[in-house]
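Each chain is listed here by its residues.
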Amino acid sequence: MEVQTFDIAGVTLLIPRHIGDERGYFAETFRADLFAKHIGNYSFVQDNESRSAKVGTIRGLHFQSDPHAQGKLVRCTAGALFDVAVDIRAGSPTYGQWVGETLTPDNGKQLWVPPGFAHGFCSLKPDTVICYKVTGGYYSVECDKGLAWDDPAVGIVWPDIADAETLSAKDRKQPLLADLPAYFSWSN
């Protein structure tokens, strides 16, 4: 498995090796020992999946606060998506900065979004399916939080097809970074 890091500490790209022939391919998509070696010892407690029927569907930016903060290991199993992680750790030297990657079944890329980051994505093809493992606590409605997907202070460069009309009612009302309480603190 290839492991790539970013200028924002913690976010990591995992690229499983595809072993293929004329029938298709095989890939190890997760190994606890390799994950612990390159990222850390996290216990995954839940697997989630969502399908976006329409191209340009925007979901996020979401996170869970303590005591149910979650890390996410994200991959795309159908279609294609532009996946984003935003550093929301108060005091972090990269606070408010973002990382974006295109995930597809063919490229096999998986984005590790640690606790302390908001996560969101835009579907690039119809019937896009995103699957992700989560660490920490189970889903908690009380800890379910978000950040405005289009906050100019963050400046995410979304694909041109990103369609604000696809936002959920909840995501239409998410706060700007300047109004976000300090749910997470940075520690080096």
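Residues numbered from 1 in each chain as written. Predicted model: local features only at pLDDT ≥ 70, side-chain atom pairs only at ≥ 80, totals over all residues. Heavy atoms only, no water.

One open sheet accounts for six strands, arranged S1-S2-S11-S7-S13-S5; its pairing is antiparallel. Looking at the sheet topology across the chains shown, the edges are occupied by strand S1 (2–5) and strand S5 (44–52). Averaged over neighbouring strand pairs, the angle between their axes works out to 20° when direction is ignored. Bridge analysis of S5 against strand S13 (residues 128–135) gives eight bridges, and the strand direction is antiparallel. Across the sheet, the residue bridging to Ser 52 is Thr 128, located in S13. (Pairing = 2+ DSSP bridges. Helix = DSSP H or I, 4+ residues; strand = E, 2+ residues; numbered from the N terminus. Axes fitted to C-alpha atoms, helices over the stretch in contact; angles between N-to-C directions.)

Bringing the sheet that holds strand S10 (residues 98–103) into the picture now. Read from one edge to the other, the open sheet built from five strands follows the order S10-S8-S12-S6-S14, with strand pairing classed as antiparallel. Where the open sheet ends on each side, the last strands, each with one partner, are S10 and strand S14 (144–146). When the angles between neighbouring strand axes are averaged without regard to direction, this sheet yields 30°. Pairing between strand S6 (residues 58–64) and strand S12 (residues 117–123): four bridges, direction antiparallel. By the bridge assignment for S12, Arg 59 is matched with Phe 121.

The subject of this paragraph is the nonpolar core. For soluble globular proteins, nonpolar side chains are generally found buried alongside one another. Within the largest apolar cluster, 20 residues are counted, with the highest numbers of intra-cluster contacts made by Leu 61, Val 86, Ile 88, Leu 147, Ile 156 and Trp 158. Every element with two or more residues in this core is listed here: S6, strand S8 (81–87) and S12. When neighbours within four sequence positions are excluded, Leu 61 is seen to be in contact with Val 84, Val 86, Ala 118, His 119, Gly 120, Lys 145, Gly 146, Leu 147, Ala 148, Trp 149, Ile 156 and Trp 158. (Core = buried A, V, L, I, M, F, W, Y, C linked by side-chain atoms within 4.5 Å. Buried < 20%, exposed > 50% of the residue type's maximum accessible area, 1.4 Å probe, protein only. Contact = heavy atoms within 4.5 Å.)

Another aspect to go through is the environment of Val 55. As for its position among the elements, Val 55 is in the loop between S5 and S6. The exposure class assigned to Val 55 is partly exposed, which follows from its relative accessible area of 30%.

So, about the packing of aromatic side chains. In this structure the tally under the stated criterion is 12 aromatic pairs. Ring plane angle 85° and centroid distance 6.3 Å describe the contact between Phe 44 and Trp 112, whose orientation is recorded as edge-to-face. Of this pair, Phe 44 sits in strand S5 while Trp 112 is found in strand S11 (residues 110–113), placing the two residues 68 residues apart along the sequence. In this structure Phe 44 comes out as partly exposed when scored by relative accessible area, which is 21%. Ring plane angle 75° and centroid distance 6.1 Å describe the contact between Phe 82 and Trp 158, whose orientation is recorded as edge-to-face. With Phe 82 in strand S8 and Trp 158 in the loop between S14 and strand S15 (184–185), this residue pair connects regions lying 76 residues apart in the sequence. When its relative accessible area of 12% is taken as the criterion, Phe 82 is described as buried. Members of the aromatic cluster, each reached through a chain of ring pairs, are Phe 30, Phe 35, Tyr 42, Phe 44 and Trp 112. For Lys 133, the ring lying beneath its charged end belongs to Phe 30, and the centroid distance is 5.4 Å. The ring of Phe 44 is capped by Lys 133, whose NZ or CZ atom sits 5.7 Å from the centre of that ring. (Phe/Tyr/Trp six-rings, centres within 6.5 Å; stacked < 30°, edge-to-face > 60°. Lys NZ or Arg CZ within 6 Å of the ring centre and 35° of its normal.)

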